[in-house]
Amino acid sequence: MEMVLIITGLVIAAGTLAAILWSIAYPARRLWPPQRYTLVTPFMVWVPTFTLFGILIVLGVTYWGGLAFPHWLRFGVGIPLIVLGNVIVWAEVAQFGIAQTGGAKGSLRTGGMYRYSRNPQYVGDIAMIMGWSVMSASAGAAIVGLAGVAVLVVAPFAEEPWLTAQYGTGFEDYRAKVRRFL
């Protein structure tokens, strides 16, 4: 069962990464951010995202403690990363809205956590994945988690040309002042 979950997680991450790389290479035919936000878009965005997070949770719970991480690391680092990541992500989703978080056009957000990072939701997601991988001490969660982190690190490179096209000098000025991640 563990191998099926790991392979499924890696396939989801690889497919998402391929869509992002396609969007970087062919911005006129990009998949992310979506060219048009339709009724299908939320399913195309959120089903793979929540499936990948679900697989991470199942791997972590099912194979809990498989890696020899000390308790101080697992709980002293893992829990704070999970909590901090959730606070960042859900605070910004509340401000942005679920549709815009999922690729719908909206306004350029430069306040809140966006004052410190152009991609605070990705930073929060990365913190959650890393925190869960450390806390669960599961090799499978760590493998799938690393693939998920790779997707999150590459995604802004597909988004930034779109943001420049949408918001012009507003985004360019913002990009010059605020770092991509931290």
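Check the entry above for the structure.
Residues numbered from 1 in each chain as written. Predicted model: local features only at pLDDT ≥ 70, side-chain atom pairs only at ≥ 80, totals over all residues. Heavy atoms only, no water.

1. Quick word on the nonpolar core
- Counting residues in hydrophobic clusters, the biggest one holds 25 residues, and the most contacted among them are Ile-55, Leu-56, Leu-59, Trp-132 and Val-144.
- Going through the elements one at a time, α1 (2-25), α2 (41-62), α6 (120-136) and α7 (139-167) are the ones with two or more residues in this core.
- If you tally residues by element for this core, the top one is α7, at eight residues.
- Those residues in contact with Leu-56, other than ones at most four positions away along the chain, are Ile-129, Trp-132, Ala-141, Val-144 and Gly-145. (Core = buried A, V, L, I, M, F, W, Y, C linked by side-chain atoms within 4.5 Å. Buried < 20%, exposed > 50% of the residue type's maximum accessible area, 1.4 Å probe, protein only. Helix = DSSP H or I, 4+ residues; strand = E, 2+ residues; numbered from the N terminus. Contact = heavy atoms within 4.5 Å.)

2. With respect to helix α4 (residues 78-96)
- Over its 19 residues, α4 extends 27 Å from the first C-alpha to the last, a length consistent with the 27 Å expected when each residue adds 1.5 Å.
- Of the residues making up α4, those classed as buried are Gly-78, Ile-82, Gly-85, Ile-88, Val-89, Glu-92, Val-93 and Phe-96. Around the axis of α4, the buried residues are gathered within 140 degrees of arc, so they sit on the same side. α4 presents Ala-94 and Gln-95 as exposed residues on the side facing more than 90 degrees away from its buried surface.
- Considering only its buried residues, α4 is in contact with α3 (71-76), α5 (98-101) and α6. (Expected span 1.5 Å × (residues − 1). Arc of directions from axis to C-beta.)

3. A word on the environment of Phe-43
- Within the secondary structure, Phe-43 is located in helix α2.
- Look at Phe-43 and you get exposed, because its relative accessible area is 56%.
- C-alpha of Phe-43 to C-alpha of Leu-108: the two residues are 65 residues apart in sequence and 24 Å apart in space.

4. A few points about the packing of α2 against α7
- Relative to each other, α2 and α7 sit at 160 degrees, their axes nearing to 8 Å. By the criterion of interaxial angle, the relationship of α2 to α7 is roughly antiparallel. Crossing angle aside, the handedness with which α2 passes α7 is left-handed. Counting all contacts with α2, which are made through Leu-52, Ile-55, Leu-56, Leu-59 and Gly-60, the residues of α7 involved are Gly-140, Ala-141, Val-144, Gly-145 and Gly-148.
- Of the residues in the contact of α2 with α7, the class split is six nonpolar, four polar and no charged. (Axes fitted to C-alpha atoms, helices over the stretch in contact; angles between N-to-C directions. Parallel < 35°, antiparallel > 145°, perpendicular 65-115°, else oblique. Left-handed = near helix turned anticlockwise from the far one by under 90°. Nonpolar A, V, L, I, M, F, W, Y, C, P; charged D, E, K, R; others polar.)

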